[in-house]
Each structure stands twice: as structure tokens, then as C-alpha cells.
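Structural overview for review
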Amino acid sequence: MIRLILSWNFNSFYITQGAHRMQYLTSKQKDKMKIKLSILFVLTLSNTFLFGQNIEGIITDKKEIPITGAYIFHLGNDEHSHSNEKGIFLLKGVNVGDSLQVTHVGYEKRTVVVQTLEKLSIQLSEETVSLDEIVITPRLDALNLFTEIDLKIHPVNSSQEILRQVPGLFIGQHAGGGKSEQMFLRGFDIDHGTDINISVDGLPVNMVSHAHGQGYSDLHFVIPETIDKIDFGKGTYYADKGNFTTAGFVNFETKKRLENSLIKMEAGQFNSQRLLGIFDVLKQSKNSAYLAAEYITTDGAFESPQNFNRINLMGKYTGYINNNDELSILTSYFTSGWDASGQIPQRAVDDGSITRFGSIDDTEGGNTSRTNILIDYNKFIDKNSFIKNSVYYSNYDFELYSNFTFFLDDPINGDQIKQKENRSIFGINSEYNKTFSSSRISGNWQAGISLRNDLSLDNELSHTANRLETLSYTQLGDINESNFGAYVNSTFNIGNWIINPAFRLDYFKFNYYDKLVETYETLSETKSIVSPKLNVLYNPTDELQLYLKTGKGFHSNDTRVVVAQGGEEILPAAYSADLGFIWKPLTKMVINVAYWNLYLEQEFVYVGDAGIVEPSGKTKRQGLDLSLRYQPLDWLIWDIDANYSHARSVDDPEGHDYIPLAPDFTLASGLNVIHPSGIYGGVNVRHINDRPANEDNSIVAAGYTVVDMNVGYQWDNFDFGIQIQNLMDTKWNETQFATESRLQYETTSVEEIHFTPGTPFFIKGSVAFKF
């Protein structure tokens with residue numbers, strides 16, 4: 001915007017505000033003033049005509065529900081903007097008669113001719129996915145368009161399937177469906193969550209100092225059909241994401257309101273059933289609420305029935321208290337119980353002692369529950385600023401029985417262990433957001449704080465027999481861990497460039513009361529870490545984004561490790577960089593390619609299954625990511641995610657520097673149909689290479705390739721579907737570990753692959769009714 005300042009000196013014209021007196025101009029002076037005012041009027045009018053004005057607008061769907069993240073593009077001068085949480089946007093350089101283009105994944109592209117400079121109201125119509133509508137927006141989270149596409153084309157019916165929506169993320173289950181999935185990403189065996197930050201609506205899922213392992217992340221309290229959006233990022237580049245954000249982060253956002261209510265029934269092999277109900281109980285323009293319930297039961301493919309069951313209950317309210325204040329309340333309850341056949345040794349299958357779906361100790365299993373309360377309060381101060389606040393509480397119970405080594409340590413009773421805890425989690429988050437704009441630069445900045453406290457009582461590791469008798473305790477104590485975080489994040493838009501510097505500070509306090517020592521003593525340590533970030537993006541067109549991302553992240557260690565090591569090396573840092581691009585080479589093709597590099601400092605790892613502190617050295621990883629979405633026909637979409645990584649220990653000699661279970665190549669691909677006739681379906685394949693199971697690669701975890709298929713038909717308000725897992729009935733190992741064990745009849749121990757078999761051919765059908 002050009003500002004013109006004209007100065008006049010009129011000796012015979014002045015105003016004195018205190019006395020409210022005025023001396024009138026002479027006739028000659030009046031003529032001069034008219035000329036100058038005319039010049040000022042013409043210049044001002046020309047400035048408005050040439051450079052336009054700032055215009056405010058709101059983007060909604062046909063039900064007048066605000067759309068967040070819509071991209072508004074000025075077709076005349078290339079100015080652009082995005083809609084905020086209320087659907088509001090501000091665009092500069094606009095005149096009457098200008099054309100604006102509005103896009104968002106899942107909505108029809110719309111071009112609007114500006115008729116007035118008053119506030120615009122633009123409505124978008126929903127549509128099935130059309131890649132030619134997609135614009136590569138100049139945003140840091142542009143990669144989210146891949147998950148937005150995938151959620152539209154892939155049916156999601158389990159927590160495993162929502163995790164698989166994240167490009168490059170592989171998962172495996174090895175405890176009858178009750179325990180959290182094992183995860184793999186960017187050359188990490190993340191175990192149950194050590195190096196990925198997972199949340200739901202900002203509610204943390206990772207458990208610090210968990211009885212089974214650091215970062216344990218159980219997503220089974222999420223009902224998949226309530227998921228509206230998946231926000232994800234790889235690497236250490238995000239200021240608002242703290243602990244565990246090394247390989248990346250995932251935040252699942254649940255729906256604010258429903259399009260319709262839903263009843264769904266599923267039934268399949270192995271005595272598997274699922275019942276689902278989602279009910280719209282309040283639907284107003286500014287208020288909405290719904291309830292959801294899920295029940296699952298299955299015996300699984302194992303010879304010893306799993307007796308698995310899960311109950312999920314959820315309720316959510318979202319509404320505006322007034323025009324500027326938005327309130328959201330989410331409550332949920334989850335409980336689950338199961339039996340498990342456990343991991344079995346390869347030698348027992350080879351010699352015919354058991355089958356692939358047999359067991360050595362079928363008394364394994366467990367139960368868990370979680371209750372959540374989350375309150376979000378957003379205060380919109382003005383069109384350029386707002387504050388997001390959240391308060392949450394979770395109560396969590398966990399009890400797990402496992403036997404990894406059979407009769408290695410106790411040849412009489414066996415080596416069964418119990419891991420148990422009762423946990424309460426309290427937390428608050430607050431973030432101030434401010435947008436700014438000038439003639440040459442625009443952008444936004446955020447300043448946020450967070451506080452989280454975990455209180456884990458009677459955190460236990462013990463030696464048990466048949467899930468009934470406790471023989472001895474290895475660990476037993478109370479954990480009290482607090483984490484305070486603060487960050488500043490800024491984004492500067494300069495022409496086609498986006499520069500994003502950021503800074504984060506985290507402070508931890510660790511307290512542990514060991515109940516196995518004779519004298520009372522609470523061991524305590526504190527530690528802080530600073531994590532700077534700098535990201536640079538360049539969008540030369542709306543079909544290409546180039547980016548360089550750099551940053552420092554970390555993951556904390558278990559409180560018991562912290563106090564055992566006297567506070568040394570307890571917050572190992574991760575340094576990473578990404579160099580890549582997002583590109584639309586064709587109107588219906590989107591590609592992301594990135595080279596990445598990650599260095600992780602030395603850390604001490606608490607091995608929850610053994611109750612010991614085990615140090616590991618520095619590690620380095622690098623790799624390539626490829627994601628592609630292509631729509632050759634309006635009703636046919638092909639997707640592929642291929643990921644290569646090279647992971648090695650820094651301190652160990654060559655040949656002994658492998659990182660156990662770190663994948664070097666994974667691939668997921670699918671061909672999916674969404675036909676206007678109501679027919680839909682897809683064939684999807686996932687593959688993982690052979691990978692080292694120990695440091696010298698003498699024991700190898702075998703790779704696999706598994707094909708799944710689904711087909712369905714939507715008729716009126718009904719939806720009929722069939723899903724087939726492992727279409728080719730492949731024999732594959734879902735999870736694998738190099739473990740030293742001894743069977744009851746053996747005189748010496750053997751270290752080899754122990755595995756949980758993957759699901760054989762499995763078919764299930766579903767019927768859903770929308771109303």
C-alpha cells in the first residue's frame with residue numbers, strides 16, 4: 001500500500017482544539033486548497049484503482065459450516081491467503097471486478113468475481129476427490145494434502161488403518177490386538193512410540209516412563225470413523241511439537257460435527273464382530289454435538305483363542321458462546337481385554353513342536369483402559385489475532401503379561417513377567433496467533449506455552465506365574481514427571497518465498513520413589529533443552545513447492561533412567577534436515593520427493609521387558625521419500641509411498657554398526673475406485689524388506705509383501721462392503737525380534753528370530769445405514 005503525505009502551511013488557517021477557534025481562509029487561499037484537495041483525491045483514487053484494497057471474507061460449505069485452510073488466490077496479481085479456524089480470510093490488493101479462485105481438497109474449485117468490497121461470503125460444494133482441483137499452497141503443512149486425499153479414498157475401520165494413512169509409517173501388532181502397535185518410520189524401529197509424537201485433537205497419546213516402554217502410544221481409544229483430518233510431519237521442524245518429535249509427528253483431528261448419523265455392523269472369520277453407532281444429537285448453525293460407541297470382539301487366527309474385546313465411548317460438543325468465543329468439549333472412555341499366544345521361536349515351528357499359530361505360553365495377555373476429558377477454548381480477538389487454549393485430563397490403567405524367554409531364567413515356573421501401572425495425566429496448552437501484512441511482506445507468528453504432568457503409581461515389573469501369582473519384583477515405584485514447554489514460531493511471506501524461523505524451550509523435572517528399597521527416598525533430577533528450527537520454502541507457481549527444512553528435536557528418557565544416570569544424557573537431541581519438493585507435473589498427478597538426514601545423540605534406553613538400563617551410542621540416518629497420487633480417470637486413483645533409509649551406529653565398527661530392526665525399504669501402494677454409480681473398492685499392497693535383527697546382521701528379520709482388497713456399494717442411505725486382508729494368504733511375520741530363549745526341554749539357550757505371525761486370509765463383511 002502506498003501512502004502519500006502532503007503538507008501545507010497555511011499561515012492564516014489553524015485550529016485550536018482547546019478553545020475550538022478557527023480563523024477562516026482568505027478567498028485566494030481557499031482556491032489553492034481546492035486545487036490541492038483535488039490532487040489528493042485523484043492520487044488516492046488512483047492508488048486504490050492500481051493497488052486495490054484489503055478485503056475480508058468467509059469460506060463455508062453449503063451447510064454454512066466454516067472451512068479451515070481453504071486457499072484463496074487472486075488471479076490478477078498472485079496475492080493469496082488462507083482461511084483460519086473460523087473460515088475467515090484477509091486478502092490485499094482487491095478491486096471490484098477482480099477474480100478470486102478458492103480451492104480445498106474434497107471441495108469443488110470455485111472462481112468468484114468480486115462485486116463489492118464489503119465482506120465476501122463464499123460457499124464451496126463437496127465433491128469426491130479430484131486431483132485437478134488441487135493447488136500446491138504456499139504453506140508449511142502442504143504435505144497434508146496427501147492424507148486429505150487418502151482419507152477420501154481409503155476406508156478406515158480400525159486404529160491400525162488410520163496409522164497407515166500417514167505416508168511412510170509402517171505398523172505391526174504382536175499382542176492380540178490389545179497392545180499398542182509397533183511402528184517404523186524413516187529408519188527407526190519406533191517400538192511403541194519412542195520417536196514419533198502422537199496426539200488426538202492435541203491430547204497427547206505418548207506415555208512417558210511407561211511400564212512397557214518409553215513413549216508407549218495406544219491409539220485404540222480412537223473411533224476411526226470420527227477422524228476428520230490427519231496433520232502430520234516428518235523430522236524435527238515443528239516448534240509446537242516437543243517431546244518424541246524426532247522421526248516426526250501425527251495429530252488426528254476428530255470431527256466437529258456430523259454430516260449424518262450412522263449405524264454399522266461388521267462380521268468376519270475367527271468369530272470377529274464389530275458394532276458401531278455415531279449419533280448426531282445437536283445440529284445448529286453455531287452448535288453441534290454427537291455421541292459415538294464402538295464394540296469389537298474376536299478370537300483371532302490363533303489356536304488359543306484371543307478372547308479379545310474392546311469398548312469405546314465418545315462424546316463431543318462444539319459451539320460458539322458468542323461471535324468471538326468457540327468452546328469444544330470432548331470426553332471418551334475406552335476399555336479392552338485380551339489373551340495372547342505371544343511371540344514364538346522359529347525353531348519350535350521348524351521342528352514341528354507348534355504351528356505358526358501355536359504358542360509356547362498361551363497365558364499371556366492383559367487389560368487396559370483410558371478415560372479422557374479435553375476442553376478447548378478459542379478466543380478470537382479480532383480478524384488478525386486469536387488465542388487457542390486447551391485443558392485435558394486422562395486416567396489410564398495398564399496390565400500386561402508377557403513371556404519372551406520362556407524358561408531361560410526360571411526353568412521351573414517360566415519367565416512370565418507382569419507390567420502394570422495406574423496413571424493420571426494433567427495438561428494445559430495456550431497459544432497466541434497473530435497475522436500481519438504490509439506492502440512487501442506478510443505472515444503470522446505464534447507464541448505458546450504448555451505444561452504436562454504424569455503421575456504413574458505403582459509402576460511395576462514383576463516375575464509371575466500363570467497370571468495368578470507374583471513370584472518377585474524387579475521394579476516397583478511411583479513416577480512423577482513434569483514437562484514445561486514454551487515456543488515462538490514465525491512465518492514471513494516475501495513474494496514467492498516463505499521463511500519460518502522458530503525456537504522452543506523444554507524443561508523437565510523427574511521424580512522417582514523406589515518402593516523396593518528399605519528407606520524412603522525420592523530421587524529427583526531436572527533438565528532443559530533448547531530446540532531451534534529454520535525452514536525455507538519457495539513456491540514459484542501454484543503447481544510447485546521447493547523446501548529446505550532444518551531443526552533440532554529430542555526425546556526424553558524414562559524417569560528411572562534419568563535418576564540412575566544422575567541426569568547425564570537424559571534428553572538426547574536429534575538434528576535433521578529435509579530437502580525436497582511437492583510438484584504437480586500433470587493436472588491429475590501430485591508428487592513429493594525428499595532427501596533427509598538425521599543425527600541422534602547418545603542415549604540411555606530403559607528396556608521395560610527386562611527392567612535394565614541399556615546404553616546405546618550415536619546414530620545417523622539418511623534416506624529418500626517418495627509419495628505420488630495419480631488420477632488417470634475421474635473414478636480411479638493410484639497412490640504409492642516408497643521410502644528408503646540407511647541407518648547405522650556411529651561409534652561401532654563397520655559390520656557391527658547395524659541398528660536392530662531398522663527398515664531400509666518400505667513401500668505401500670494401492671489402486672482405488674470411487675465410481676459415480678456407488679461402486680467403490682481397491683487393491684492395496686504393503687512391502688518391507690529384510691532387515692537386520694541384531695547389530696552384526698547375523699540374524700535377519702524376514703521381509704514380506706501383503707495384498708489387501710476391499711469392495712463395496714453405496715445405495716441410497718445404505719453401504720454394503722467386503723474387506724479381505726491378506727488376499728494371497730501369504731505366510732508372513734508381522735513382528736519379529738532377535739531374542740535369546742530356552743524351551744522347557746532344552747539344556748542350552750538359543751538366540752534367534754521370535755515372531756508373531758501375520759493375519760492369514762481374512763474376510764469380513766459390513767452393512768452401514770446413514771440417517
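Residues numbered from 1 in each chain as written. Predicted model: local features only at pLDDT ≥ 70, side-chain atom pairs only at ≥ 80, totals over all residues. Heavy atoms only, no water.

**A look at the overall build of the chain**
For clarity, the threshold we go by: The way it works is that DSSP assigns letters per residue, a run of H or I at least four long becomes a helix, a run of E at least two long becomes a strand, and they are numbered from the N terminus. Buried, partly exposed and exposed residues are distinguished by accessible area as a fraction of the type maximum, computed with a 1.4 Å probe on protein chains only: under 20%, between the cut-offs, and over 50%, respectively. For the purpose of charge, His is not counted, nor are the chain termini; Lys and Arg are scored as positive and Asp and Glu as negative. In plain terms, the charge of a residue is placed at NZ if it is Lys, CZ if Arg, CG if Asp and CD if Glu.
Secondary structure assignment for the chain yields 5 helices and 47 strands. On the principal axes, the C-alpha backbone points of the chain span a range of 120 × 65 × 50 Å. For the chain, buried positions account for 54% of its 771 residues. Between the centroid of the 65 positive side chains of the chain and the centroid of its 94 negative side chains there is a distance of 13 Å.

**Some details on unusual backbone geometry**
Positive phi, close to 55 degrees, is recorded for Asp 191, a residue that is not glycine. If you trace the backbone, Asp 191 turns up in strand 12 (residues 188-191). Phi is positive for Asn 271, close to 55 degrees, though the residue is something other than glycine. Among the secondary structure elements, Asn 271 is positioned in the loop between strand 19 (262-268) and strand 20 (272-283). The class of Asn 271 is partly exposed, set by a relative accessible area of 44%.

**Notes on the nonpolar core**
Note the threshold: Nonpolar cores were defined as sets of buried Ala, Val, Leu, Ile, Met, Phe, Trp, Tyr and Cys residues, with membership established by side-chain atoms within 4.5 Å. Residues count as neighbours in contact if any of their non-hydrogen atoms are within 4.5 Å of one another.
Of all hydrophobic cores here, the largest spans 70 residues; its most connected members are Leu 145, Ile 149, Met 183, Ile 196, Leu 219, Phe 252 and Ile 582. Top element by residues in this core is strand 34 (residues 589-600). It accounts for 5 residues. Ignoring sequence-local partners within four residues, the contact set of Phe 252 consists of Ile 162, Leu 163, Ile 198, Ser 199, Val 200, Asp 201, Leu 219, Ile 227, Lys 229 and Ile 230. Core analysis: the second largest hydrophobic core is formed by 20 residues, Phe 170, Ala 348, Leu 661 and Val 706 among them.

**Quick word on the sheet that holds strand 6 (residues 88-94)**
Note the following rule: When DSSP locates at least two bridges between a pair of strands, those strands are taken to pair. Only the stretch in contact is used when a helix axis is fitted, and all axes are lines through C-alpha atoms; the angle between N-to-C directions ranges over 0 to 180 degrees.
Spatially, 6-3-9 is the arrangement adopted by the 3 strands of the open sheet, whose pairing is mixed. Single-partner strands in this sheet number two, and they are strand 6 and strand 9 (120-124). Across the sheet, the mean angle separating the axes of adjacent strands is 35 degrees when strand polarity is ignored. Summarising the sheet, strand 3 (residues 53-61) and strand 9 pair through 5 bridges and their orientation is parallel. Bridge assignment links Ile 59 to a residue of strand 9, and that residue is Ile 122.

**Some remarks on the sheet that holds strand 7 (residues 99-103)**
Across the sheet, 4 strands lie side by side as 5-4-7-8; this open sheet has antiparallel pairing. Whereas interior strands pair on both sides, the edge strands pair on one side only; in this sheet they are strand 5 (80-82) and strand 8 (110-113). Ignoring which end each strand starts from, the neighbouring axes of this sheet average 20 degrees apart. Alignment of strand 7 against strand 8, held across 4 bridges, turns out to be antiparallel. The residue of strand 8 that forms the bridge with Gln 101 is Thr 111.

**Some remarks on the environment of Gln 723**
Mapped onto the secondary structure, Gln 723 falls in strand 44 (residues 718-725). With a relative accessible area of 13%, Gln 723 lands in the buried category. Remark: the alpha-carbon pair of Gln 723 and Val 711, spanning 12 residues in sequence, is separated by 6.6 Å. If we skip the residues at most four places from it in the chain, Gln 723 touches Pro 155, Asn 157, Glu 161, Met 709, Asn 710, Phe 762, Ile 763 and Lys 764.

**A word on the packing of aromatic side chains**
Aromatic ring pairs are reported here in terms of the distance separating the ring centres and the angle at which the planes meet. To be explicit about the condition: Side-chain rings of Phe, Tyr and Trp, where Trp is taken by its six-membered ring, are said to pair if the distance between their centres is within 6.5 Å; with planes under 30 degrees apart they count as stacked, over 60 as edge-to-face, and otherwise as tilted. Comment: the charge-over-ring label is applied if NZ (Lys) or CZ (Arg) is within 6 Å of the ring centre and within 35 degrees of the ring normal.
The final tally for this structure, using the stated rule, is 23 aromatic pairs. Their ring planes at 45 degrees and their centres at 5.1 Å tell us that Tyr 393 and Phe 426 sit as a pair that is tilted. Here Phe 426 lies in strand 27 (residues 417-437) and Tyr 393 lies in strand 26 (residues 385-402), a separation of 33 residues in the sequence. For Tyr 393, a relative accessible area of 29% corresponds to the partly exposed category. We classify Phe 426 as partly exposed; its relative accessible area is 43%. On the basis of an interplanar angle of 55 degrees and a centroid distance of 5.9 Å, the ring pair of Phe 436 and Phe 492 is categorised as tilted. Of the two residues, Phe 436 sits in strand 27 while Phe 492 sits in strand 29 (residues 469-494), which places them 56 residues apart along the sequence. One aromatic cluster is present, built from ring pairs that chain together Phe 279, Trp 715, Phe 718, Phe 720, Phe 769 and Phe 771. Here the guanidinium or amino end of Lys 549 rests over the ring plane of Tyr 547, the centre of that ring lying 4.8 Å away. In this arrangement the basic side chain of Arg 691 is found over the ring face of Phe 184, its NZ or CZ atom lying 5.1 Å from the centre.

**Section: the confidence of the model for the chain**
What counts here: Values of pLDDT, ranging from 0 to 100, describe the predictor's confidence in every residue of the model.
Across the chain, the average pLDDT comes to 89, with 91% of residues at 70 or higher. Overall, residues 1-24 carries pLDDT values under 50, and its contacts beyond four positions in sequence, including any with other chains, amount to 21 contacts.

**Comments concerning the pattern of salt bridges**
Note the threshold: Any Lys or Arg side-chain nitrogen found within 4 Å of a carboxyl oxygen on Asp or Glu counts as a salt bridge.
Applying the stated criterion across every chain yields a total of 34 salt bridges. Here Asp 280 makes a salt bridge to Lys 283, at a shortest N to O gap of 3.2 Å. A relative accessible area of 22% places Asp 280 in the partly exposed class. A salt bridge links Arg 686 to Asp 708, with the nearest nitrogen and oxygen atoms 2.6 Å apart. Pair noted here: Arg 686 is in strand 40 (residues 679-688) and Asp 708 is in strand 43 (residues 704-715), with a separation of 22 residues, a long-range link.

**Here's the deal with a negative patch on the surface**
Quick note on the threshold: What goes into a patch is any residue over 30% in relative accessible area without a salt bridge, connected to like charges within 9 Å or, for nonpolar side chains (Val, Leu, Ile, Met, Phe, Trp, Tyr), within 5 Å. Using a 1.4 Å probe, the Shrake-Rupley method yields the accessible areas, and only the shown protein chains count as cover for residues.
Taken together, the side chains of Asp 409, Asp 651, Asp 652, Glu 695, Asp 696, Glu 740 and Glu 751 make up a negatively charged region of the molecular surface. Mapped onto the elements of the fold, Glu 695 is located in the loop between strand 41 (691-692) and strand 42 (700-701).

**Things to note about the pairing of strand 27**
Both strand 26 and strand 27 contribute to a ladder of 18 bridges, which runs antiparallel. Residue pairing in the sheet places Asp 397 in a bridge with Asn 422 of strand 27. Hairpin connection from strand 27 to strand 28 (residues 442-465): 4 residues lie between these consecutive antiparallel strands.

**Observations regarding the environment of Tyr 713**
Mapping Tyr 713 onto the fold places it in strand 43. Once the C-alpha coordinates of Tyr 713 and Gly 93 are considered, the two residues, 620 residues apart in sequence, prove to be 48 Å apart. Other than its neighbours up to four places away in sequence, Tyr 713 contacts Ser 677, Gly 678, Ile 679, Tyr 680, Phe 718, Asp 719 and Phe 720.

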